[in-house]
Amino acid sequence: MHTNTLLSESTQIKPKLQKFKSSKSDTSGIESLIRATLKRRCTPFMLIRRSVLEKQYERFRKCLPNVTPYYAIKANPHPGIIKTFIKLGANFDVASASEMKQVLRLGATPSKIIFANTIKSHEDIIFSRKRRVRLVTFDNEPELYKLSKYYPGANVLVRIKVANIGSVVELSLKFGADPEHAFFLLRKAKALGLVPLGVSFHVGSQSTNVENYLQALEISSGIFDEAKKNGLSLKIVDIGGGFPIQHFDSEIGINFERMSCQIKKQMKALFDKNVRFIAEPGRFLVGPAGILVTQVIGRTFRNNKNYYYLNDGIYGDFSGIIFDHCRYEFKTLRRGQKFLSAIAGPTCDSFDTLSMNEEIPELYVGDVVYVKNIGAYSCASATRGFNGFPPAEIILV
Ligand SMILES: *Cc1c(COP(=O)(O)O)cnc(C)c1O
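Residues numbered from 1 in each chain as written. Predicted model: local features only at pLDDT ≥ 70, side-chain atom pairs only at ≥ 80, totals over all residues. Heavy atoms only, no water.

A word on the site of the ligand. Surveying the vicinity of the ligand reveals 15 residues, the closest of which are Lys-74, Ser-205, Glu-280, Arg-283 and Tyr-377. Between Lys-74 and the ligand, the recorded distance is 2.9 Å, taken from a side-chain N or O atom to an oxygen atom. One nitrogen or oxygen atom from the main chain of Arg-283 is found 2.8 Å from an oxygen atom belonging to the ligand. Bound to the protein, the ligand loses 98% of the 390 Å² it would expose on its own. According to the grid-proximity analysis, the pocket containing the ligand is the largest cavity. Its residues assigned to classes, the shell around the ligand shows four nonpolar, six polar and five charged. (Near = heavy atom within 4 Å. Polar contact = N/O pair within 3.5 Å; in protein donor to acceptor, adjacent residues only side chain to side chain. Areas by Shrake-Rupley, 256 points an atom, 1.4 Å probe, with all protein chains shown as cover. 1 Å grid on protein atoms, 1.4 Å probe; cavity = no way out; pocket = protein on both sides within 12 Å on 5 of 7 lines; lining within 4 Å. Sits in = over half its atoms within 2 Å of the grid points. Nonpolar A, V, L, I, M, F, W, Y, C, P; charged D, E, K, R; others polar.)

Below you can see the structure in the form of C-alpha cells.
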C-alpha cells in the first residue's frame, strides 16, 4: 500500500448532491442480483461486476486513446479482477515485489508492468531485475544510487511533486521531487548507468479538479524542454491515477468525459507527437464495479435514534472510511418512511461506527444494507478478522 493516509484539509470536502433519483432500472437490476446471491451466500459479500470493469476500462481507452492505462492493483488486488484486466490487455502498476509476483503469477507480461513506488527496498529492486520489470519511478538521489547498484540499466521516470488541490487523498505530502530538481535527477540517473525516460506525477486520488492534471502536464513539458536543450531526449509522461468516480447516485461535478477531453487537448498542445503517455488508474477502473452487501445483526435505540449493527465495519470492508477518507451511500432493500439513524460495525469498539446520520427506513435483524461504488480501497485495506469478524467474500459476477 502506498496510499497516503495523512489527512488534509481537502478531506473535509463532502460530495455535492443533487436532488434526483438514480435510474430505476439500474437499482432494480442490482437489487435482484443481491437477492439472487443471498440465496446461495452468507453476508457480508462484495459483488464485483465484470461488466463494469470492462465498461470502465473501455471508457478510459475511449476518452484517452493516446494514454496506456496501467491498473494500480493496490485499489483492489483480487485475482479475478487482475485476470479480467489481463484479458482486456491492460498494463499494471505495482508498488512491491509481492504485488509484482501476484500479477506475474496471473499471467501479466513483465514489459507491461511499472514498479511505481518511488521508495523500493533493495530486495524488491533485485526481484524486479530478475523478473525483467524494467520501468520504475523514483523521486530522490539515494534511490538512484540504490537502483544503479541493484538494477543497472533500469528505465527510470522521475516523479515530481504537483498540486493535489481538491483531491480527496493527498499524495504530494509524501512523494515527488521538486520539479526544479527533476532534470538534475534525470541527468544524474544517466551518469549512474540508468536510462532516464521521462516524468511521472500523481495529482492525488479522487481528483475532481482537472486543473491539477493540466498544470502537472505543463510543468512536465517544461522539464521535457529543459532536458532537450541539454541533449537528453525524454519519451514518456506518466500522468498517474486520481481519476474520480461518483460514490453517491446524486453526486454532481464529476465528469470524466469532459475532464479527459481537456487533458487530451493539453497533451496535444504541449508535447511532440512521439511522446508516449501512460496512466495508473486504480479507483476509476474498480470502484464502480463493487457492491458491498451486509446484514443487520442487531438493533437498539440510543441517543434518540435507531442504531443498526451490521456484520461488516471499519475494520473490514468499510476501512475506506478511514484510509480512503471516503463516504458511502447506504441503501436498503426495505422501502418505507425514512428516519435519521446510526449505522455501526460489529466489533467491540465505538470507533467502529459507520454513520451517525443516515436517512433510512426502519430495519429489522436480518435486513440487508448495501453500498455501491465500493470496489476500490475497501477490501484491499481491510484487516483479516479483527474480533473474529471475517471480511466480505469477494464474488465476481
Ligand atoms: C494509489 C496510486 C495510484 C492509483 O490512484 P487512483 O487514485 O486510485 O487512480 C496510481 N499510482 C500511484 C503511484 C499510486 O500511489
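All right, on to the environment of Cys-42 then. By the secondary structure assignment, Cys-42 is in the loop between helix 1 (24-38) and strand 1 (45-48). Put simply, Cys-42 and Ser-221 are 179 residues apart on the chain and 52 Å apart in space, counted from C-alpha to C-alpha. (Helix = DSSP H or I, 4+ residues; strand = E, 2+ residues; numbered from the N terminus.)

In this section: the packing of helix 2 (residues 50-63) against helix 3 (residues 79-87). Where helix 2 contacts helix 3, the axes come no closer than 10 Å and their chain directions differ by 45 degrees. Between helix 2 and helix 3, the crossing angle belongs to the class labelled oblique. Viewed along their axes, helix 2 and helix 3 form a crossing whose handedness is right-handed. Two secondary-structure elements touch here, helix 2 through Arg-50, Leu-53, Glu-54 and Tyr-57 and helix 3 through Ile-81, Thr-84 and Phe-85. Classifying every residue of the contact of helix 2 with helix 3 gives four nonpolar, one polar and two charged. (Axes fitted to C-alpha atoms, helices over the stretch in contact; angles between N-to-C directions. Parallel < 35°, antiparallel > 145°, perpendicular 65-115°, else oblique. Left-handed = near helix turned anticlockwise from the far one by under 90°. Contact = heavy atoms within 4.5 Å.)

The subject of this paragraph is the sheet that holds strand 6 (residues 155-159). The eight strands lie next to each other as 2-3-4-5-6-7-8-9, forming a closed barrel whose pairing is parallel. If you compare each strand with its neighbour and ignore which way they point, the axes differ by 30 degrees on average. Where helix 7 (residues 179-191) meets the sheet, it contacts strand 5 (135-138), strand 6 and strand 7 (195-200), and its direction lies at approximately 160 degrees from that of strand 6. (Pairing = 2+ DSSP bridges.)

Enumeration over the complete set of coordinates arrives at 15 aromatic pairs. The interplanar angle of 35 degrees and the centroid separation of 4.2 Å between the aromatic rings of Phe-256 and Phe-284 together place this pair among those described as tilted. Taken together, the residues span a long stretch of sequence, with Phe-256 in helix 9 (residues 256-270) and Phe-284 in helix 10 (residues 283-286) at a distance of 28 residues. Overall, the relative accessible area of 1% leaves Phe-284 in the buried class. Seen from the ring of Tyr-364, Arg-299 lies directly overhead, with NZ or CZ sitting 5.3 Å from the centre. Over the face of the ring belonging to Tyr-307 we find Arg-302, whose NZ or CZ atom lies 5.5 Å from the ring centre. (Phe/Tyr/Trp six-rings, centres within 6.5 Å; stacked < 30°, edge-to-face > 60°. Buried < 20%, exposed > 50% of the residue type's maximum accessible area, 1.4 Å probe, protein only. Lys NZ or Arg CZ within 6 Å of the ring centre and 35° of its normal.)

With respect to the element layout, Asp-93 can be found in strand 3 (residues 91-94). One buried charged side chain, Asp-93, makes no salt bridge at all; its nearest oppositely charged neighbour is Lys-74, positioned 6.0 Å away. Apart from the residues within four sequence positions on either side, Asp-93 is in contact with Tyr-70, Tyr-71, Ala-72, Ile-73, Glu-99, Ile-114, Ala-116 and Glu-280. (Lys, Arg positive; Asp, Glu negative; His and termini not counted. Salt bridge = Lys/Arg side-chain N within 4 Å of Asp/Glu carboxyl O.)

A separate point is the nonpolar core. Within soluble globular proteins, side chains that are nonpolar tend to cluster in buried spots. Grouped together as the largest cluster of nonpolar side chains are 97 residues, with contacts concentrated most on Phe-85, Phe-201, Ile-239, Phe-243 and Ile-263. Ranked by residue count, the leading element in this core is helix 8 (residues 210-229), at eight residues. Taken domain by domain, the makeup of this core includes at least three residues from each of domain 1 (30-47 + 290-396) and domain 2 (50-286). Beyond its immediate chain neighbours, meaning those up to four positions away, Phe-243 contacts Phe-60, Leu-64, Tyr-213, Phe-256, Ile-263, Ala-279, Pro-281, Arg-283 and Phe-284. Ranked by size, the runner-up nonpolar core spans ten residues in total, among them Ile-34, Phe-45, Leu-47 and Val-293. (Core = buried A, V, L, I, M, F, W, Y, C linked by side-chain atoms within 4.5 Å. Domains from an automatic or database assignment.)

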